[in-house]
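Residue-level structural notes
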Amino acid sequence: MKTYVPKKDEVQGKWYLFDANGMILGRLASRIAAILRGKNRPQFTPHLDLGDHVIVINASKVRLSGKKAGIKTYFHHTGHPGGLREERFVDLLRRKPEEVIQHAVKGMLPHNRLGGKQIHKLKVYAGNTHPHTAQNPEVVA
């Protein structure tokens, strides 16, 4: 008996809507990463992009558990000598709340071309409105 491998055009993609209001960042990101990878489907295949699209609203109201909000720091390098930059979680959440969720989810996806395709299916918005109502997203509690 041969192993069944699904084709990309056999799988219909769905859209999911998450409201990040008051949710803990890591727990939210792990649920989103599982949907983006397609692990919620019975025909999950690790080397294929069979995941669904995810919309996250109220990204500015996400939180961290414990005292991590004052401790957590994000680093990036500008590419120039001495260009290591750091920014605290609370400052990044105030300046670009979408990047906090994007960064957490991206770290939970594969670090290759497949993960790059999957992260493009994530749409994050700081407020409670989004332009994807035509896709009829399924609200996830």
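Values in this document were obtained by computation on a predicted structure and should not be read as measured data.

A short note on the overall build of the protein chain
Helix and strand content of the protein chain: 5 helices and 6 strands. Across the protein chain, helices and strands are ordered from the amino to the carboxyl terminus as β-α-β-α-β-β-α-α-α-β-β. Summarising its shape, the C-alpha atoms of the protein chain cover approximately 55 × 35 × 30 Å along the three principal directions. Taking all 141 residues of the protein chain together, 38% fall into the buried category. For the protein chain, long-range pairs separated by at least 24 residues make up 68% of all intrachain contacts whose partners lie at least 6 apart in sequence.

So, the packing of helix α1 (residues 25-37) against helix α4 (residues 97-106)
Remark: α1 packs on α4, axes separated minimally by 8 Å, with the N-to-C direction vectors making an angle of 60°. Between α1 and α4, the interaxial angle falls into the category oblique. Crossing hand, α1 versus α4: right-handed. The residues of α4 that touch α1, namely those facing Leu25, Leu28, Ala29, Ile32, Ala33 and Leu36, are Val100, Ile101, Ala104 and Val105. Taken together, the residues of the contact of α1 with α4 break down into 10 nonpolar, no polar and no charged.

Here's the deal with the layout of surface pockets
By volume, the largest pocket amounts to about 200 Å³. The wall of the largest pocket is formed by Tyr74, Phe75, His76, Glu86, Glu87, Leu92, Arg95, Glu99 and His103. Among the elements that line the lining of the largest pocket, the one with the most residues is strand β3 (residues 73-77), at 3 residues.

Cut-offs applied
Residues numbered from 1 in each chain as written. Predicted model: local features only at pLDDT ≥ 70, side-chain atom pairs only at ≥ 80, totals over all residues. Heavy atoms only, no water. Helix = DSSP H or I, 4+ residues; strand = E, 2+ residues; numbered from the N terminus. Buried < 20%, exposed > 50% of the residue type's maximum accessible area, 1.4 Å probe, protein only. Contact = heavy atoms within 4.5 Å. Axes fitted to C-alpha atoms, helices over the stretch in contact; angles between N-to-C directions. Parallel < 35°, antiparallel > 145°, perpendicular 65-115°, else oblique. Left-handed = near helix turned anticlockwise from the far one by under 90°. Nonpolar A, V, L, I, M, F, W, Y, C, P; charged D, E, K, R; others polar. 1 Å grid on protein atoms, 1.4 Å probe; cavity = no way out; pocket = protein on both sides within 12 Å on 5 of 7 lines; lining within 4 Å. Points joined across faces, edges and corners; volume = space filled by probe spheres on them.

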